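# Structural overview
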Amino acid sequence: MGSSGSSYVSTVKTAPIDGQKPGTSGLRKKTKVWMGANYLENFIQATFDALVAEGVPVKGGTLAISGDGRFYNKEAIQVIIKMAAAAGVGRVWCGTEGLLSTPAMSAVIRSRARGLDGMSPFGGFILSASHNPGGIDEDFGIKYNCENGGPAPEKVTNLIFKNTTTITEYKLCKTLPDIELSVPGSYALGTADCPFKVEVFDNTEDHVMLLKQVFDFGAIKKLFARPDFTFIYDSMHGVQGPYARRVFVEEFGAPVEACINSIPKEDFGGHATPSHGHADPNLTHAVELVAAMGLNKLGLPIETAAEPPTFGAAADGDADRNMIMGKRFFCSPSDSLAVIVANATCIPYYSSGLKGCARSMPTSCALDLVAQKLGVPYFEVPTGWKFFGNLMDSGSAAYPSTPKYTPFICGEESFGTGGDHVREKDGMWAVLAWLQILAAKNADASKPLVGVADVCLEHWKEYGRNYYARYDYEGVEKQAAEQMMDAMVAAQPGLVGSTHGGMTISKADMFEYHDPVDGSVSKNQGVRFIFSDGSRFVFRLSGTGVQGATIRMYLEKYEAPSGNLQMHAFDVVKPIADIALSISKLCEFTGRKEPTVIT
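The structure displayed is predicted, hence computed values, not measured ones.

This brings us to the overall build of the chain. Each helix and strand counted, the chain has 17 helices and 27 strands in total. Summarising its shape, the C-alpha atoms of the chain cover approximately 80 × 60 × 55 Å along the three principal directions. Of all 599 residues assigned to the chain, the portion counted as buried reaches 60%. The long-range share in the chain, meaning contacts at least 24 apart out of those at least 6 apart in sequence, stands at 72%.

Here's what the structure looks like:
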């Protein structure tokens, strides 16, 4: 740089750009939009300005910057580093290759600076659009996480958006060289009166170190040593690949070929791959894994040339989501959450028991049954990990007057599960939780292997089964979707007590959440219809896409422990789907007769 801090800072005139309103998942747009003149710079400057206005110690502070490796990841990182220097940030941390999974970013923010005075990050930029496809013609996104490792609260994202509507200039240090991200290294780029340093570190080390504090890696390694335990893991060419090889191969001794699609790619493999570059771990998109496990996209068993592995799992593009499978068996995310909570004490971190658990409102009520039996406080929250984050921070310095709900486990039906070790959902955590459960149930190597299906059946025999499915209608015209939702809400009072297909609606409402930690109220969080037998259907509009609206329809039917527990979920909930489609008039409003995806 030069002799004084201000002399390196270039001020560039700009003007507001429409549509830069971040949600709980950050700001997601088409990649080419982000690559447009001043688009990236405006959003980053608006964020820095919001942080300064909120009293965040940006000047001289530490900032983490990395992403999921999608197209434009590395170029955007270099721009943000230059803007961070101009904003007065003291040091920037980046994972090698510019890669950090979303849960790893949370781990870095929360734990990397332990023992290093004054180096705790004030936050981090995650460059990701999660499970959305990557590539120059696909999607890109940026999310800011705060000092607790969790997504920025609404007051911050609202201020960021406000700033984007009034911005007139942004600042960056144009003369800073691009940083070599391929290997660990330290770069001192400032001066005595304006210090600025960039540190590049192994992208797996912090997250893996933290996971070792949660799980018994030695017990899981013994499970992998069993000749009757076979394993496959699909990183879907997302950021999870390095973590998968580090944990499953180096720690547990799995063969490297068990980690499929483990090389991160800017387009997640692109349209030529079986997943078509859609790094979303579900029955529809994780094509290779699902086939290898002996199932089709509806979760029905198929014949395979080779015997399927006993355990299979997958991650999405930024590795915060997971899918759990057994041999010719799919474990729904709702069941996975309930099973993990029911067996949590076999995980060292939770050995003394849970103090709280939670699910998103659309997630099945299977968790509730477990929590009630265990006597653990449980919560039903809106979709969005920030609501779990508040519960995880209960009883802390931020909320000293509230009960403490940690140790804590939570999850969503959208393949997200996690604990209070970080403030994001964590795909690797979920897989390790299952492996820890299987290790505990297979401690005697002389007995037949207990697999995923065995664990689930045992669980259902104790708690009953919440048959569940979700229909997604993607790319719907937004106005039509909103009109459909409004019409349902208006009709709800007159539908209570009515009978449809032999089922009586006992309750119908628009879900509203009163946060027990910060006292906030979140309205309009989903339309619910609950039947007298506890079955239900729910409609929500999702905000994770970049074009149009996605209508999600959730279907649930409870079967008692004495009932038929081994039917196919999609068949069981089909009558409820017919009722939901009739009441919602989805086809009439949107013109859609079939869902895009069923999970």
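Next comes the rest of the account.
This part covers the pairing of strand S9 (residues 197–201). For a regular strand, side chains alternate in direction, first toward one face of the sheet and then toward the other. Taking burial as the measure, the 5 residues of S9 include 4 buried ones, the bulk of the element. As paired strands, strand S4 (residues 91–95) and S9 are joined by 5 bridges and run parallel to one another. The residue of S9 that forms the bridge with Trp93 is Glu199. When strand S8 (residues 185–188) meets S9, the two strands line up antiparallel, connected through 4 bridges. Residue Ser186 lies in a different strand from S9, and its bridge partner there is Glu199.

Sites flagged by UniProt as "domain: Alpha-D-phosphohexomutase alpha/beta/alpha" (unreviewed entry) map to residues 20–170, 210–325 and 334–447. Within residues 210–325, the helical portion is 28% and the strand portion 13%, while the C-alpha atoms at the span's ends are 25 Å from each other. Split by type, residues 334–447 is 36% helix and 16% strand. Its first and last C-alpha atoms lie 29 Å apart.

Taken as a whole and assessed by the stated rule, the structure comprises 34 salt bridges. Between Lys74 and Glu97 there is a salt bridge, with its nearest N and O atoms 3.0 Å apart. Of this pair, Lys74 sits in helix H3 (residues 73–86) while Glu97 sits in the loop between S4 and helix H4 (102–111), placing them 23 residues apart in sequence. Among the residues examined, Lys74 registers a relative accessible area of 39% and is labelled partly exposed.

Okay, the confidence of the model for the chain next. Across the chain, the average pLDDT comes to 95, with 97% of residues at 70 or higher. Throughout residues 1–5 the model reports pLDDT below 50, and contacts reaching past four residues in sequence, or to other chains, amount to 13 contacts.

As a further point, take the sheet that holds strand S15 (residues 356–360). Sheet strands line up and pair through hydrogen bonds in the backbone, either parallel or antiparallel. Reading across from one edge, S16-S15-S17-S18 is the order of the 4 strands in this open sheet, with mixed pairing throughout. In this open sheet, the two strands that pair with only one neighbour each are strand S16 (378–381) and strand S18 (416–419). Averaged over all neighbouring strand pairs, the angle between strand axes comes to 15 degrees, with direction disregarded. Pairing analysis gives 4 bridges linking S15 to strand S17 (residues 408–412), with the strands arranged parallel. Pairing of Cys357 across the sheet is with Ile409, part of S17.

Read across the open sheet, the 5 strands follow the order S11-S10-S12-S13-S14; overall the sheet is mixed. Edge positions in the open sheet fall to strand S11 (259–260) and strand S14 (329–331), since each of these has one partner strand only.

All right, on to the packing of helix H10 (residues 333–342) against helix H11 (residues 366–374) then. With their axes 8 Å apart at the nearest point, H10 and H11 run at an angle of 15 degrees to one another. With respect to H11, the axis of H10 lies roughly parallel. Between H10 and H11 lies a crossing of right-handed hand. When H10 is examined against H11, the residues Ser334, Asp335, Leu337, Ala338, Val341 and Ala342 are found in contact with a partner set consisting of Ala366, Leu367, Val370 and Leu374. Class assignment for the residues of the contact of H10 with H11 results in 8 nonpolar, 1 polar and 1 charged.

Once the domains are mapped, the chain shows domain 1 (10–202), domain 2 (208–463) and domain 3 (465–598). Its C-alpha centre places domain 1 at a distance of 29 Å from the equivalent point of domain 2. Contacts between the two partners involve 32 residues from domain 1, matched on the other side by 30 residues from domain 2. Interface of domain 1 and domain 2: buried area, both sides summed, is about 2300 Å²; carbon and sulfur atoms make up 55% of it.

What follows deals with the packing of aromatic side chains. Under the defined criterion, the tally for this structure stands at 26 aromatic pairs. Here Tyr72 and Phe140 contribute two aromatic rings whose centre-to-centre distance is 5.3 Å and whose plane-to-plane angle is 65 degrees, an arrangement assigned as edge-to-face. One end of the pair, Tyr72, is in the loop between strand S3 (62–67) and H3; the other, Phe140, is in strand S6 (residues 139–145), and 68 residues separate them in sequence. Classification of Phe140 as buried rests on a relative accessible area of 0%. Through a chain of ring-to-ring contacts, three or more aromatic side chains come together here, namely Phe217, Phe224, Phe229, Phe231, Tyr233, Phe248, Phe252 and Phe311. The ring centre of Phe201 lies 3.9 Å from the NZ or CZ of Arg112, which sits over that ring.

Generally speaking, nonpolar side chains in soluble globular proteins are found buried as a group. Counting residues in each nonpolar core, the largest one holds 72 residues, and the members touching the most others are Phe248, Phe311, Leu432 and Leu435. In terms of residue count, the dominant contributor to this core is helix H13 (residues 427–441) (11 residues). Lining this core are residues from two domains, each supplying at least three of them: domain 1 (10–202) and domain 2 (208–463). Each residue touching Leu435, except ones within four places of it in the same chain, is listed here: Ile220, Leu223, Phe224, Phe229, Phe231, Phe248 and Phe311. In terms of nonpolar packing, the next biggest core, distinct from the first, is built from 50 residues, Tyr39, Ile65, Leu176 and Phe196 among them.

A word on helix H12 (residues 385–392). Of all 8 residues making up H12, 8 are buried, and the element is well covered by its neighbours. Taken together, the buried positions of H12 are Trp385, Lys386, Phe387, Phe388, Gly389, Asn390, Leu391 and Met392.

What counts and what doesn't
All residue numbers refer to positions counted from 1 along the written sequence of the respective chain. Only residues with pLDDT of at least 70 get local features here, since the model is predicted, and only at 80 or more are side-chain atom pairs given and counted; chain-wide, interface and lining totals rely on the full set of residues. Note that water and hydrogens are dropped before the side-chain values are worked out from all heavy atoms of the structure. Helix numbering and strand numbering both begin at the N terminus, where a helix is a DSSP run of H or I of at least 4 residues and a strand a DSSP run of E of at least 2. Whether a residue is buried, partly exposed or exposed follows from its accessible area with a 1.4 Å probe, protein chains only, as a fraction of its type maximum: under 20%, in between, or over 50%, in that order. What makes two residues a contact is simply this: any of their non-hydrogen atoms within 4.5 Å. The criterion for strand pairing is that DSSP finds at least two bridges linking the strands in question. UniProt positions are given in the numbering used here, feature names are shortened, and annotations may be inferred rather than shown by experiment. By definition, a salt bridge exists where a carboxyl oxygen of Asp or Glu is found within 4 Å of a side-chain nitrogen of Lys or Arg. The quantity known as pLDDT measures the predictor's confidence residue by residue, on a range of 0 to 100. Axis lines are fitted through C-alpha atoms, for helices just across the contact stretch, and the angle between N-to-C directions can take any value from 0 to 180 degrees. Throughout, the term roughly parallel applies to angles under 35 degrees, roughly antiparallel to angles over 145, roughly perpendicular to angles from 65 to 115, and oblique to all others. Left-handed describes a crossing in which the near helix is turned anticlockwise from the far one by less than a right angle; the clockwise case is right-handed. Amino acids outside the nonpolar list (Ala, Val, Leu, Ile, Met, Phe, Trp, Tyr, Cys, Pro) and the charged list (Asp, Glu, Lys, Arg) are all regarded as polar, and Gly is one of them. Reported domain spans reflect what an automatic or database domain assignment gives. A simple way to read buried area is as the amount of 1.4 Å-probe accessible surface that goes missing from two parts once joined, with both sides added. For Phe, Tyr and Trp, where Trp contributes only its six-membered ring, two rings pair if their centres lie within 6.5 Å, and the inter-plane angle classes them as stacked under 30 degrees, edge-to-face over 60, or tilted in between. Think of it as a cone above the ring: NZ of Lys or CZ of Arg counts as a charge over the ring if it is within 6 Å of the ring centre and within 35 degrees of the ring normal. Think of a nonpolar core as a cluster: buried Ala, Val, Leu, Ile, Met, Phe, Trp, Tyr and Cys residues, connected wherever their side-chain atoms sit within 4.5 Å.

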